[in-house]
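Summary of the model geometry
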Amino acid sequence: MEKIHPETGEILHRDVRPIEFSYKGEKITVNMPGWYPAEGDEGIFTRDDCKFSDQALRILKARYAAKMQENNFTTENVAFA
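What you see is a predicted model; the values in this text were computed from it and never measured.

**Comments concerning the environment of Ile59**
You can see Ile59 is positioned in helix H1 (residues 47-72). With 31 residues separating them along the chain, Ile59 and Ile28 place their C-alpha atoms 8.5 Å apart.

**Focus on the environment of Tyr23**
Relative to the helices and strands, Tyr23 is located in strand E2 (residues 11-23). The class of Tyr23 is partly exposed, set by a relative accessible area of 23%. In sequence terms Tyr23 and Tyr64 are 41 residues apart; their C-alpha atoms lie 7.9 Å from each other.

**Structural notes on the side chain of Glu26**
Assignment of secondary structure puts Glu26 in strand E3 (residues 26-36). One polar contact links Glu26 to Lys67, side chain to side chain, over a distance of 2.6 Å. Filtering out sequence-adjacent residues up to four positions away, Glu26 remains in contact with Phe21, Leu60, Arg63, Tyr64 and Lys67.

**Focus: the packing of aromatic side chains**
Using the criterion set out here, one finds two aromatic pairs in the structure. Between Tyr23 and Tyr64, the aromatic rings sit 5.9 Å apart at their centres with planes inclined by 90°, giving edge-to-face as the arrangement. With Tyr23 in strand E2 and Tyr64 in helix H1, this pair connects stretches of sequence that are 41 residues apart. Where Tyr36 meets Phe45, the ring centres are 5.8 Å apart and the plane angle is 75°; that geometry is what we call edge-to-face.

The rules behind these values
Residues numbered from 1 in each chain as written. Predicted model: local features only at pLDDT ≥ 70, side-chain atom pairs only at ≥ 80, totals over all residues. Heavy atoms only, no water. Helix = DSSP H or I, 4+ residues; strand = E, 2+ residues; numbered from the N terminus. Buried < 20%, exposed > 50% of the residue type's maximum accessible area, 1.4 Å probe, protein only. Polar contact = N/O pair within 3.5 Å; in protein donor to acceptor, adjacent residues only side chain to side chain. Contact = heavy atoms within 4.5 Å. Phe/Tyr/Trp six-rings, centres within 6.5 Å; stacked < 30°, edge-to-face > 60°.

What follows is the structure in structure tokens.
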């Protein structure tokens, strides 16, 4: 099965490729399904494909939030009994 890229006219094939996503210094690599040209990673993604990148972003945001929470936790914030 193949598609034609709407801008470049390249032939695209269904494939899964590792793509790195980043958010505020956090990084994750996802095996991203999509329609890809023979050369390069500039793919076209369906709504179902984007579920993978959406999940990656949720993970990155959670990692960043956890890191910020750790950085804000000090002994000054704790009441000792």
